[in-house]
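Below are the chains, spelled out letter by letter.
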2 protein chains.
Amino acid sequence: MVFFSSISCRFPLCKMPNQNAVKAFFYHRIPILQWAPHYNSKKLLSDCIAGFTVGLTVMPQALAYATLAGLEPQYGLYSAFIGCFVYTIFGSIKDITIGPTALMALMTYQQIIGRNTDYAILLCFLSGIVQLAMAILHLGVLVDFISIPVTVGFTSATSVIIGTSQFGSLLGLKMSSNGFFDTMSKLVQNIHLTQFTDLGLGVGCIVALLLLRKLKDLKCHKKGSRPTKSQQSINYTLWLISTSRNAIVVIICSTMAYLYETQGGGSPFRLTGNVKSGLPEFKVPPFSTVLNNSTKTFPDMLNDLGSSVFLVPIIAVLGNVAIAKAFASGEIIDATQELFTLSLCNILGSFFSSMPVTGSFSRSAVNHASGVQTALGGIITGSMVILALSFLTPYFAYIPKASLGAVIVCAVIFMIEYEVVKPMWRSSKKDLLSAFATFICCLVIGVEYGILVGVAINIIFLLYPSARPGVHVEKCSTPNGMEYILITPGNALYFPAVDFIKTSIARAGVSSKNLPVVIDCQFILGADFTAAKGIAALINEFSSRKQPLYFLNARLEVVSVFQGVLSDDFVNFNCKTKLESTIEEGNNR
Amino acid sequence: MVFFSSISCRFPLCKMPNQNAVKAFFYHRIPILQWAPHYNSKKLLSDCIAGFTVGLTVMPQALAYATLAGLEPQYGLYSAFIGCFVYTIFGSIKDITIGPTALMALMTYQQIIGRNTDYAILLCFLSGIVQLAMAILHLGVLVDFISIPVTVGFTSATSVIIGTSQFGSLLGLKMSSNGFFDTMSKLVQNIHLTQFTDLGLGVGCIVALLLLRKLKDLKCHKKGSRPTKSQQSINYTLWLISTSRNAIVVIICSTMAYLYETQGGGSPFRLTGNVKSGLPEFKVPPFSTVLNNSTKTFPDMLNDLGSSVFLVPIIAVLGNVAIAKAFASGEIIDATQELFTLSLCNILGSFFSSMPVTGSFSRSAVNHASGVQTALGGIITGSMVILALSFLTPYFAYIPKASLGAVIVCAVIFMIEYEVVKPMWRSSKKDLLSAFATFICCLVIGVEYGILVGVAINIIFLLYPSARPGVHVEKCSTPNGMEYILITPGNALYFPAVDFIKTSIARAGVSSKNLPVVIDCQFILGADFTAAKGIAALINEFSSRKQPLYFLNARLEVVSVFQGVLSDDFVNFNCKTKLESTIEEGNNR
């Protein structure tokens, strides 16, 4: 058996001459320096079109997500521009658009229910600080501990919770609720108060949005043939209408409501109501607040926010990295850079009364599909939000709540990932268990705890093989007929497995009636002090029985850990015995 | 390369015919059934001698540990007999003696400080219940997650805390303290109140105990020569005196105090004081208590006890299993049986006002050295404690506190495991870090949290290789000169490593300028859904670049996980390509 040489040529990757190290650092950390010098008017046109389209999408979404978070609608818009500007400078993936998302809104809602807006803004600031700390400590590795099954379970549960939370708006009910079951029970209690005008409008909007969504798949040329120029422009128009569907539906509904209100003596729909005009004040985030006539200090607020101070930023990064991966088209994602950018978006945003923000999957997809060329598209989107805050807010008041509800429902129903169940069943049933456990726990005990439970289950599955690795026992004989027991422990030899492996070897040794025992260490990639103590005890035990014990294929690093504990008169791992050589030869035949 | 056949003959171990399954179960779970039929008078004599010697040891220890736990001295004796009886019936290792220990006393003290005895008894009951649940759920595996470095750090810190906690008694100070730093600061504050009579007695006792401890190493015959019969009996007497040193020192000191008190007009030493006479009442453990004039319900008490409800039983099991391993002389320890027995000792004990108990290392060592033959020795020890409670308590009142403090100090100083530092440094420096972190945290933030921090650090070290495994990249060529890139990921392919391995492979693929890439999966012992998705993405990426990608030595179980996600037109893992066969042949040369 030719064992793997541990000396080899690694590819010299990403090596940069030392004199350019500082320049390289800035190029790496401020990606605008990379693309700005090559910017041209053609790219500008593409970026403007994409930025404008994303702007049309973000406005109704921002209003809706602010309501979802339990905040006044203008806070959605406050959260929607800083991220765009920051990402233009520091973002590494051109397609990503930072701003309010349904998930962040839901997690914010769970923290501010019964409290006030200050908590949302402080949470935004603290999320940024935690992300900055994670970036500095290179803790991007934490994101790797959230597996696809947990992500799937979490996203699906969140979508269900967000979707059902909009049923109130769609039925025209005035109710506030917390979590899936609370919403469902309140819905059942209040179902007799349903406003049929709102219900009609809501259902109408959903149907319209779903149909408009399908519109972009419609092509006016035959499949396989090249479209003519006029066909191309019809296709493009269809795509543009489909992409701007949220804005179109909201504008039409608002116009209806406006006409009813100004001419028909009152709208039959529940409306968004006053949206505060003007840009948010630039001020330090609130480190104390007055709640129920008593002052809450910073430690009080921190205590109230609890674990969400860590979970919100981690989940924000997870979402952002996931989107980055989806749009990176094979490029390597630098999790630290994304953490750093996101932390800036949140810290700066909190000075503009933003709630926690992260990359939005739906808007990034629109950005990508609109043909964005550089991160400059963000500047256009951000500017549109600022213009809207300055001039459009009087009109936002006429947006019916039901149509905003419809926008949210149509965004989240495609995030319920039922189609992943089948491949997961085929591939790994254990993972299906993690996914379902996460899904159920998110619904029952809340999204933050749900994801923690999911990660814990995953880590237990991950640790179990370290505690109970496979130990393969086989009776073999050398070519010259000498019998021996070959034991191959799978996995590394770290403390949780030591007793198990030691017991297995001891047992095989005893039941073999003093045949020589050969331990094939080829899968033992590492060991620790507990393992070394165990091996020492094993060697002692075998030598007291005068039963030969050999170690085959042991790696240098493992041997050095073992030898730290063994005294010198024990087996010398480095010199091969005759039996070992014979076995190695035998295996190579 | 001959790959390991996954079909092999496992040794048929511990297989029992089905008809005897019930009988075997009872034999296994009630070990007295195994040894009682072969019991004889010779064994009885040995067991009586050993049981009596252990009885002499347990009495001063029990009084001292009760004081250490902040309880009245009789509670130590209440905790010292039930465990002995239960272990005789259900225990699987003849040497183990169950009862109060310094560690359990310290952990109990941290729970009852500022509270009352009811908390200690409830903690005993709940520890038993948790251990029973662990036994039923086969959670003995949890014990494996406490590594030797963490145990060493924990035991050493506990010894330091317990040792210093006795300085008060040794100096004759009246003080109660909590934790290492609190004790030290109170000692410094009160040092001027030192009672020199107590100090003199304490130091005298320590010197006497250490000298008597050495006595058993003294042999009156020449080394190497066979001792004569009279020499043998002198040796045995020396050993007996050495072993009974605690009882001897305590009896001498108490006699001195008694004489002072009855004839000299008052003892110059602080005495233990009244020890309640008689056996404890048999009653249901207290599920509510009155504390500071307010009634605490069961949930209140549970809340007060907090995480110790889980930590005390787990640490008790850990201690017990560690002792079992030390005395099992190569036999296999059944952690479930030990859990089950320990749970019975604690549950039954709590009905007799016991504090939490576990196996005592010092008394088990005495038991072993006294030549115990079966677990029956426990009956003798337990009966002696009952006799003492019935008749000796009036005399216990005269035991000086300083001599009990000396007994504890001399027991714990040998538990500070400084000698393990050197081999740990040689073997694995990472483990030294865990040990020191555990030691420091136990001293600074308390023993329960210290052990949790230690386990957490250990698990992080354990998980890190799963997130960042070694990926070995090598440029190779087949015997006929065809170049390829050989990539060997170490460790299993589970979710935390997926992105890292995928990125490494993608990077190597890109920088190799479209050479075929061969992934040697020999160390990939398992995979999950996240891995399968990653591999699918990798295959997509390579096929879009038209770069060949092969998987070598992939195990069947890994392939089946991958194939659950891959659609059928992707690489078929099972049919060998020409390149693969060539590489395999090449490797075998």
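Placed above this text is the structure.
Being a predicted model, the structure only gives us computed values, none of them experimental.

Re the environment of A102 of chain B
Residues and elements named next belong to chain B. With respect to the helices and strands, A102 occurs in helix α6 (residues 102–112). The exposure class assigned to A102 is buried, which follows from the 26 C-beta atoms found within 10 Å. Beyond its immediate sequence surroundings of up to four residues, A102 is in contact with Y65, L68, I162, I408, A411 and V412.

Observations concerning unusual backbone geometry
Residues and elements named next belong to chain A. The backbone of K546 shows a phi angle near 55°, a positive value even though the residue is not glycine. Counting through the fold element by element, K546 comes out in the loop between α24 (529–544) and β8 (549–552). The class for K546 is exposed, based on 7 C-beta atoms found within 10 Å.

Digging into the pairing of strand β6 (residues 483–489) of chain A
Two faces make up the sheet, and in a regular strand the side chains alternate between them. All names here are of chain A. Of all 7 residues making up β6, 6 are buried, and the element is well covered by its neighbours. Relative to β6, strand β5 (residues 471–477) runs antiparallel, the two sharing 7 bridges. Across the sheet, the residue bridging to C476 is Y484, located in β6. As consecutive antiparallel partners, β5 and β6 are separated by 5 residues, and within that stretch G481 has a phi angle of approximately 85°, a positive value. In terms of strand pairing, β6 meets strand β7 (residues 517–520) through 3 bridges, oriented parallel. Note on β7: the bridge partner recorded for I487 is I519.

Observations regarding helix α24 (residues 529–544) of chain B
One turn of an α-helix holds 3.6 residues; hence residues three or four places apart share an orientation. In a regular helix each residue adds 1.5 Å, so 16 residues correspond to 22 Å; α24 of chain B covers 22 Å between its end C-alpha atoms and thus fits that length. In this fold, the buried residues of α24 of chain B make contact with α8 (148–165), α20 (421–427) and α21 (429–445) of chain A together with α23 (495–511), β8 (549–552) and α25 (556–563) of chain B.

A few points about the environment of S156 of chain B
All names here are of chain B. Within the fold, S156 resides in helix α8 (residues 148–165). Through-space distance from the C-alpha of S156 to that of A435 is 9.6 Å; in sequence the pair is 279 residues apart. Setting aside chain neighbours within four positions, we find S156 in contact with I416, E417 and F439.

Digging into the sheet that holds β8 of chain A
All names here are of chain A. Overall, mixed pairing links the 4 strands, which are arranged β5-β6-β7-β8 in an open sheet. Each of the sheet's edge strands pairs with one partner strand only, and the pair in question is β5 and β8. Within this sheet the neighbouring strands show an average axis-to-axis angle of 25°, counted without direction.

Things to note about the sheet that holds β8 of chain B
All names here are of chain B. Pairing is mixed in the open sheet, where 4 strands are placed in the order β5-β6-β7-β8. Strands at the two margins of the open sheet, each flanked by one partner only, are β5 (471–477) and β8. Here the strands of the sheet are splayed against their neighbours by 25° on average, with no regard to which way each runs.

A look at the packing of helix α11 (residues 196–215) of chain A against helix α19 (residues 401–412) of chain A
Residues and elements named next belong to chain A. With their axes 8 Å apart at the nearest point, α11 and α19 run at an angle of 40° to one another. Between α11 and α19, the angle is such that the two are oblique. The handedness of the crossing between α11 and α19 is right-handed. From α11, D198, L201, G202, C205, I206, L209 and L210 reach across to α19, where they touch A402, S403, G405, A406, V407, V409 and C410. Of the residues assigned to the contact of α11 with α19, the class counts are 10 nonpolar, 3 polar and 1 charged.

A few points about the packing of helix α3 (residues 41–68) of chain A against helix α17 (residues 361–369) of chain A
Residue and element names in this part refer to chain A. At a closest axis distance of 8 Å, the pairing of α3 and α17 adopts a crossing angle of 155°. Here α3 is positioned roughly antiparallel relative to α17, judged by the angle of their axes. The handedness of the crossing between α3 and α17 is right-handed. Of the residues in α17, those touching α3 at A50, T53, V54, T57 and V58 are R363, V366 and N367. Classifying every residue of the contact of α3 with α17 by side-chain character gives 4 nonpolar, 3 polar and 1 charged.

Cut-off values and rules
- Residues numbered from 1 in each chain as written.
- Chains lettered and ligands numbered in written order.
- Predicted model: local features only at pLDDT ≥ 70, side-chain atom pairs only at ≥ 80, totals over all residues.
- Helix = DSSP H or I, 4+ residues; strand = E, 2+ residues; numbered from the N terminus.
- Buried ≥ 20, exposed ≤ 12 C-beta atoms within 10 Å, placed from the backbone.
- Contact = placed C-beta atoms within 7 Å.
- Pairing = 2+ DSSP bridges.
- Expected span 1.5 Å × (residues − 1).
- Axes fitted to C-alpha atoms, helices over the stretch in contact; angles between N-to-C directions.
- Parallel < 35°, antiparallel > 145°, perpendicular 65-115°, else oblique.
- Left-handed = near helix turned anticlockwise from the far one by under 90°.
- Nonpolar A, V, L, I, M, F, W, Y, C, P; charged D, E, K, R; others polar.

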